[in-house]
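Take a look at the letters that make up each chain.
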Amino acid sequence: MHSPAGRDITLDCTEIPVTYRDVEEYCRVRHGVQSNRLDLDSQYDCHIHIGVAGSRSYVALERRARRFGYNKLDANGAPSPSAFNDACAQQLSGFIGQRWGNSAEHHERRSTLDVDKLANNLSAGKPGSIRVSEDAGLYLCEYLYYCSLASAEEASRASQQSVKPVLFVHIPLVQTGDQMALLTKFVQDLVGHIVDETASS
């Protein structure tokens, strides 16, 4: 596979179980944090996560992920980590503890990629088919997104290298072979544009 600029691309695809525990373990391993294996993160130029949003008829490039608000049980019936916060006098569900930061800026994390530019480039001639989203759903998709964004920052601090770009993309439910072909082409185009953008920045 090649990017529009002709750069070679190798994909490494992993299916992640829909559980909070598996998401955190995946991010620790893939980004190499808390395991002294930062060489694992250095193998990748970017991290692109894809999930299905059955209620949407369009592709959504998610701009941000929130730290708290994960009140739904996962596929195993387990809740997300939670703790009572004295400062706001409420129970918070999501990313608890020092590892995820304390300042207000860490209540959400955003992709370092220019998602508006990506959406414009990818939707040329197909208005409305690809949109930028500010709401990834506060379930396992957004939980994965926040965890991966935070882990990429953590790996960057430990390795003293630039932060690897992370993006989450929601795709509609695939029901026909034609839809699958279109979405496959979209993913290839998306990866190619991201590779070229990060290589030139």
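Scroll up for the structure.
Residues numbered from 1 in each chain as written. Predicted model: local features only at pLDDT ≥ 70, side-chain atom pairs only at ≥ 80, totals over all residues. Heavy atoms only, no water.

The next subject is the overall build of the chain. For the chain, the helix and strand inventory stands at five helices and eight strands. Counted from the first residue to the last, the chain has its helices and strands arranged as α-α-β-β-β-β-β-β-α-β-α-β-α. A globule of 201 residues ought to have a C-alpha radius of gyration of about 17 Å, and the chain, at 17 Å, matches this closely. When its C-alpha atoms are laid out on the principal axes, the chain stretches across 50 × 40 × 30 Å. Buried residues in the chain amount to 43% of all 201 residues. At a minimum sequence separation of 6, the contacts of the chain that also span at least 24 residues come to 76%. (Helix = DSSP H or I, 4+ residues; strand = E, 2+ residues; numbered from the N terminus. Rg over C-alpha atoms; globule rule 2.2 N^0.38 Å. Buried < 20%, exposed > 50% of the residue type's maximum accessible area, 1.4 Å probe, protein only. Contact = heavy atoms within 4.5 Å.)

So, on to the nonpolar core. Ranked by internal contacts, the top residues of the largest apolar core, which has 35 residues, are Val-59, Leu-61, Leu-167, Val-169, Phe-186 and Leu-190. For this core, the secondary-structure elements that each account for two or more residues are helix H1 (20-31), strand E2 (59-62), helix H3 (115-122), helix H4 (140-159), strand E8 (166-171) and helix H5 (177-200). For this core, the element with the highest residue contribution is H4, accounting for nine residues. With residues up to four places along the chain from it excluded, the contact list for Leu-190 reads Ile-48, Leu-61, Leu-118, Leu-122, Leu-167 and Val-169. (Core = buried A, V, L, I, M, F, W, Y, C linked by side-chain atoms within 4.5 Å.)

What follows is about unusual backbone geometry. One non-glycine residue, Leu-138, adopts positive backbone phi at about 50 degrees. With respect to the element layout, Leu-138 can be found in the loop between strand E7 (130-133) and H4.

Pairing between side chains of opposite charge can happen when their charged atoms approach one another. Tallied over the entire structure, the rule returns 16 salt bridges. Between Arg-64 and Glu-134 there is a salt bridge whose closest N-O contact spans 3.8 Å. In this pair, Arg-64 is assigned in strand E3 (residues 64-66) and Glu-134 in the loop between E7 and H4, connecting sequence segments 70 residues apart. Lys-185 is the partner of Asp-189 in a salt bridge, and the nearest nitrogen-oxygen pair spans 2.8 Å. Taken as a pair, Asp-189 and Lys-185 lie in helix H5 at a separation of four residues, close to a single helical turn. Using a relative accessible area of 26% as the deciding quantity, one classes Asp-189 as partly exposed. Counted as one network, the salt bridges with shared partners bring together Arg-63, Arg-64, Glu-108, Arg-110, Asp-116 and Glu-134. (Salt bridge = Lys/Arg side-chain N within 4 Å of Asp/Glu carboxyl O.)

Another point: the sheet that holds E8. Taking strand neighbours across the sheet as the criterion, the four strands line up as E1-E8-E2-E7 in an open arrangement whose pairing is mixed. On the outer flanks of this sheet lie strand E1 (47-52) and E7, each paired with one strand and no other. When strand polarity is set aside, the average angle formed by the axes of neighbouring strands in this sheet is 25 degrees. Relative to the sheet, H4 contacts E1, E2 and E8, its axis offset from that of E8 by approximately 165 degrees. (Pairing = 2+ DSSP bridges. Axes fitted to C-alpha atoms, helices over the stretch in contact; angles between N-to-C directions.)

So, about H1. The end-to-end C-alpha distance of H1, which contains twelve residues, comes to 17 Å, matching closely the 16 Å that a straight helix rising 1.5 Å per residue would cover. Along H1, the positions that sit buried rather than exposed are Tyr-20, Val-23, Glu-24, Tyr-26, Cys-27, Arg-30 and His-31. Axial view of H1: buried residues confined to an arc of 160 degrees, hence all on one face. (Expected span 1.5 Å × (residues − 1). Arc of directions from axis to C-beta.)

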